[in-house]
Amino acid sequence: MDKRSKINSRRSGNGPIVIPKRTSRRFYGHGLPNVDLKKLAGRLIVVEGADGSGRSTQIAMLMRWLEGSGHATVQVGLKRSTLVSEELDQAKKGNILSRSTLSLFYATDFADQLENSILPALKAGFIVLADRYKFTALARDTVRGCPQEWVEQLYSFAFQPDITFYFSLPLRTALERILGGRPALKYHEAGMDLGLSPDPVESFKIFQGRIHKAYELLAKNRGFTRISSDRPVEAIQEEVRGVLRDRIDLAHYKAVSRR
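Residues numbered from 1 in each chain as written. Predicted model: local features only at pLDDT ≥ 70, side-chain atom pairs only at ≥ 80, totals over all residues. Heavy atoms only, no water.

Caption draft 1: The arrangement of the overall build of the protein chain in detail. In terms of helices and strands, the protein chain carries 9 helices and 5 strands. Along the protein chain, helices (α) and strands (β) appear in the sequence α-β-α-β-α-α-β-α-α-β-α-α-β-α when read from the amino end. The buried share among the 259 residues of the protein chain stands at 47%. Nonlocal contacts in the protein chain, meaning residues at least 24 apart in sequence, comprise 76% of its contacts between residues at least 6 apart. When the accessible area of the protein chain is evaluated, it comes to approximately 13,300 Å², of which 51% is carbon and sulfur surface. (Helix = DSSP H or I, 4+ residues; strand = E, 2+ residues; numbered from the N terminus. Buried < 20%, exposed > 50% of the residue type's maximum accessible area, 1.4 Å probe, protein only. Contact = heavy atoms within 4.5 Å. Areas by Shrake-Rupley, 256 points an atom, 1.4 Å probe, with all protein chains shown as cover.)

In structure tokens, the structure reads:
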């Protein structure tokens, strides 16, 4: 079976995304058709933060801790869709994508994972750890010039997480971490598509500065759980684990006790 046939097989019986009349109190956004959000037994934990904030390190540590404790856990993240992730990488290499097309590509990747990875795991009672969520798009796409209302509507089907951690780091520290650890900056990563500066490093600094401001505003307006990441990784991880213990009945998500 070729890739198109596999996609069609996965999609059979599913209609387009629509906006239902009611939403769950646990979520804002409108959800997917034929999904009763109140019956999702699992919990969605999102980790957000600008590049260099230590986000990926912390979610990997959290994943190991939960699995090591016997909890039913699954991890998702950006550009991991089997449907379009490879195509997205290929399209970005040409440096010819418009801002709206790039945004739509990422939204497609996100929607595919939501329907085929996140929702099934939540239905099965898993703790889902998301390394970035729709908030990354809200920050990046609006900085790239896409209207905020358009991006909000584009991701209106996305569930509100049970917890959204925001790893906050001073911009200068984040820039030092990134620039000191990478041999070269990618075109879109540096914001070169915005014409901020002909110098990739300078463009990157300006772009990341705007992303940082966008994240800070989102964290304030959306009630993220702010975690200061300018500390030893062990101290950060202990705080994250403490928040989970306080807000989630972790014993309910032991793998041996799933229904």
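Caption draft 2: Local environment of the pairing of strand S1 (residues 43–48). Most of S1 is tucked away: 5 of the 6 residues are buried. When S1 meets strand S4 (residues 163–168), the two strands line up parallel, connected through 4 bridges. Its bridge partner lying in S4, Glu48 is registered against Tyr166. (Pairing = 2+ DSSP bridges.)

Caption draft 3: Spatial organisation of the nonpolar core. Counting residues in hydrophobic clusters, the biggest one holds 44 residues, and the most contacted among them are Leu44, Ile118, Tyr133 and Tyr155. Contributing elements (two or more residues each) for this core: S1, helix H3 (85–93), helix H4 (99–123), strand S3 (127–131), helix H5 (134–143), helix H6 (148–154) and helix H8 (200–222). No other element matches the 10 residues that H4 contributes to this core. Once residues lying within four places of it in the same chain are set aside, the contact partners of Tyr155 are Ser103, Tyr106, Ala107, Phe110, Lys134 and Ala137. (Core = buried A, V, L, I, M, F, W, Y, C linked by side-chain atoms within 4.5 Å.)

Caption draft 4: Up close: the sheet that holds S3. Taken in spatial order, the 5 strands line up as S2-S3-S1-S4-S5 in an open sheet, and their pairing is parallel. The open sheet terminates on both sides in strands that have one partner only, identified here as strand S2 (73–77) and strand S5 (225–228). The sheet shows a mean angle of 20 degrees between the axes of neighbouring strands, direction not considered. Packed onto the sheet, helix H2 (residues 55–68) meets S1, S2, S3 and S4 and runs at close to 165 degrees relative to S3. Taken strand by strand, helix H9 (residues 233–247) contacts S1, S4 and S5, and its axis lies near 160 degrees from that of S4. (Axes fitted to C-alpha atoms, helices over the stretch in contact; angles between N-to-C directions.)

Caption draft 5: Structural detail: H9. The first and last C-alpha atoms of H9 sit 21 Å apart over 15 residues, in line with the 21 Å expected at 1.5 Å per residue. Buried within H9 are the following residues: Ile236, Gln237, Val240, Arg241, Gly242, Val243 and Leu244. Summarising the contacts, the buried residues of H9 are in contact with S1, H2, S4 and S5. (Expected span 1.5 Å × (residues − 1).)

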